[in-house]
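Understanding the architecture of this molecule
The primary structure of each chain is shown beneath.
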Amino acid sequence: MQARILQNHKTLDKGTDYESTSRIRILRRLRRTAVKLRVNPKDRIKACGAPAKSEVEVISTSMGSKFRGLWSCDQVHKCPCCAAKIQYRRTSEIAKIIGAKGRWSIYLTLTLEHSRDDNLKNLLKTLSKCWNRLRNGTFGRRSKKYGQIGFVRTLDLTFSNKSGFHPHYAILLTFEEAPTQEQIQELKKLCFENWKAAVKIEARNAVESGFYFDTITNPDDTAAYLAKINSIAWEVGSNTFKKAANGHLNQWQILEMAENSSYFAKVWRDYEVGIKGSRAIHYSKNFKNLLEESEEEEILEDNANVLLKLRSSLYWHIRKIGDADKVLEICDRSLNGNTDAQLILKGIKKISSLCPVDEVYLGREVSNFNSEYESDLWKPLHSQLSLFSSS
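Residues numbered from 1 in each chain as written. Predicted model: local features only at pLDDT ≥ 70, side-chain atom pairs only at ≥ 80, totals over all residues. Heavy atoms only, no water.

**What about the overall build of the chain?**
Note the following rule: Labels follow the DSSP assignment, with helices taken as runs of H or I lasting at least four residues and strands as runs of E lasting at least two, numbered in each case from the N terminus. Here, residues are in contact when the closest pair of their heavy atoms is within 4.5 Å. In these tables, accessible area is a Shrake-Rupley quantity obtained with a 1.4 Å probe, and a residue counts as shielded only by the protein chains included in the view.
Along the chain, the regular secondary structure elements total 14 helices and 9 strands. For the chain, the share of sequence-separated contacts (at least 6 apart) that also reach a separation of at least 24 residues comes to 76%. Only carbon and sulfur atoms are counted for the fraction: they give 48% of the accessible area of the chain, which is about 19,000 Å².

In structure tokens, the structure reads:
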């Protein structure tokens, strides 16, 4: 599992090359489901993937063709596409800070007892209160005494029919240098004792089986832990996507189940309401300062070959009728030397050149777009794409 996560960590870029072309399309399909199920009709996820410029480019990458020049909603809890990109960037930032020479980390997970009837928002509030008591109490003060310089807290959440929503924190405590073994054992014992006391104040019980305390010295291992625990996109599209460990589903698995289940559609909406206002990743003030002081890793613009430029009005029409993925497939096959695909690609370029350059379409929701001109132009190619994809 860790090796696969590290491989993903190395191959991701600032676009949408997650692991394979099919995975990208699964994420976009899930985003469309999230748009349909959104609680707030004005939620900005409805325009995620909208053109940010007057033209949308299709570029070739080592992972296949992809669109470039689209707007992002940046909602890590609701949008699987944005969540994957944000997860990768944050994991890279964190690995860079804790990977500085001599630095050392403790990794721990914290959770509390819950039931099927618990409200998610209330659970998250309780979890946050308990964590604040822990870090401001004896354990927090002792950690700072032994050299702690900051922390990163990630929120992980699963759901099961039996026990409902199960949120827990995965936390990295970063030290300037390694404490002694005696100090580590003292912190471990103190951590769980203080956590039990903090949870008891809220009339709940700490779950010992959900408590984990370990040391991490390799920044790549830490990046892998974060990717695994925060589980934003690595499991999406995998062979085991339908079932998570011990019957629990993560948020994206809930979303996939909601495509064909009114029960899970309600679960997703409950999740969306309950998770609002929560942070997926929270940095301590000192850790934020370390991020700001560190040199930002320069991200070079992808020099990939631009295969196609689509006018924003045409892109909207293609996306609305479900031909966007077919266009990417044509581009992929064209690169592989398929002559039929190359002819269709020429036709797409010709049609795009006939469409108006109109910025009125930028950032608009697909359902608000309606143009008979683009529809009439695209009809012949729509039929060809359907036949080509089924061949």
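There's plenty left to go through after this.
**Digging into helix H4 (residues 120-136)**
Working note: α-helix, 3.6 residues per turn, so residues spaced by three or four point in the same direction. To be explicit about the condition: Given the number of residues in a helix, its expected span is that number minus one, multiplied by 1.5 Å. Burial classification: accessible surface area is computed with a 1.4 Å probe over protein chains only, and a residue below 20% of its type maximum counts as buried, one above 50% as exposed, and the rest as partly exposed. Throughout, the arc means the angular range of directions from the helix axis out to the C-beta atoms. Whenever a nitrogen or oxygen atom comes within 3.5 Å of another N or O atom, the pair is scored as a polar contact, on the condition that within protein one atom can donate a hydrogen and the other can accept it, and that pairs from neighbouring residues in sequence are kept only if both atoms are in side chains.
Across its 17 residues, H4 extends 24 Å between first and last C-alpha, which sits within 8% of the 24 Å expected from 1.5 Å per residue. Of all the residues in H4, the buried ones are Leu120, Leu123, Leu124, Thr126, Leu127, Cys130, Trp131 and Leu134. With its buried residues spanning 160 degrees around the axis, H4 presents them on a single face. Looking at where H4 begins, the residue whose side-chain oxygen comes 3.0 Å from the main-chain nitrogen of Lys121 is Asn119.

**Remarks on the packing of aromatic side chains**
Remark: the centre distance and the inter-plane angle together describe each pair of aromatic rings, the angle taken between the planes. This is how it is decided: Two rings from Phe, Tyr or Trp (for Trp, the six-membered ring) form a pair when their centres sit within 6.5 Å of each other. Planes less than 30 degrees apart are called stacked, planes more than 60 degrees apart edge-to-face, and all others tilted. Whether a charge sits over a ring comes down to the Lys NZ or Arg CZ being within 6 Å of the ring centre and within 35 degrees of the ring normal.
Inspection of the entire model under this criterion finds 10 aromatic pairs. For the ring pair Phe67 and Tyr315, a centre distance of 5.3 Å and an interplane angle of 75 degrees mean the geometry is edge-to-face. Taken together, the residues span a long stretch of sequence, with Phe67 in strand S2 (residues 64-68) and Tyr315 in helix H11 (residues 312-320) at a distance of 248 residues. Per residue, the accessibility class of Phe67 equals that of Tyr315, and both read buried. Measuring from ring centre to ring centre gives 6.1 Å for Trp252 and Trp268, while their planes differ by 40 degrees; the resulting arrangement is tilted. In this pair, Trp252 sits in helix H8 (residues 251-258) while Trp268 sits in helix H9 (residues 262-275), placing the two residues 16 residues apart along the sequence. The two residues Trp252 and Trp268 agree in class, both being buried. Among the aromatic residues, those joined into a cluster by ring pairs are Phe67, Tyr315 and Trp316. When the ring centre of Tyr169 is taken as origin, the NZ or CZ atom of Arg153, which lies over that ring, is 4.3 Å away.

**Comments concerning the confidence of the model for the chain**
What counts, and what does not: The pLDDT value tells you how sure the predictor is about a given residue, anywhere from 0 up to 100.
On average, residues of the chain carry a pLDDT of 79, and 77% of them reach 70 or more. This stretch, residues 1-20, has a pLDDT under 50; its non-local contacts, to residues over four places away or in other chains, come to 51 contacts. Counting contacts from residues 295-302, a segment whose pLDDT is below 50, to residues more than four positions away or on other chains yields 11 contacts.

**Quick word on the packing of helix H12 (residues 324-335) against helix H13 (residues 339-354)**
Stated formally: Inter-axis angles, ranging from 0 to 180 degrees, are taken between N-to-C directions of lines fitted to C-alpha atoms, where helices are fitted over the stretch in contact. Each angle receives one of four descriptions, namely roughly parallel if under 35 degrees, roughly antiparallel if over 145, roughly perpendicular if within 65 to 115, and oblique otherwise. The hand of a helix crossing depends on one turn: near helix anticlockwise from the far one by less than a right angle means left-handed, and clockwise means right-handed. Ten residues, namely Ala, Val, Leu, Ile, Met, Phe, Trp, Tyr, Cys and Pro, are considered nonpolar, four, namely Asp, Glu, Lys and Arg, are considered charged, and the remaining ones, Gly among them, are considered polar.
Across the interface, H12 lies against H13 with an axial gap of 8 Å and an inter-helix angle of 130 degrees. The orientation of H12 with respect to H13, classified from their angle, is oblique. The two elements H12 and H13 meet at a crossing, and its hand is left-handed. Residues Val327, Ile330, Cys331, Arg333 and Ser334 of H12 lie in contact with H13, whose contacting residues are Ala341, Gln342, Ile344, Leu345 and Ile348. In terms of residue class, the contact of H12 with H13 is made up of 7 nonpolar, 2 polar and 1 charged.

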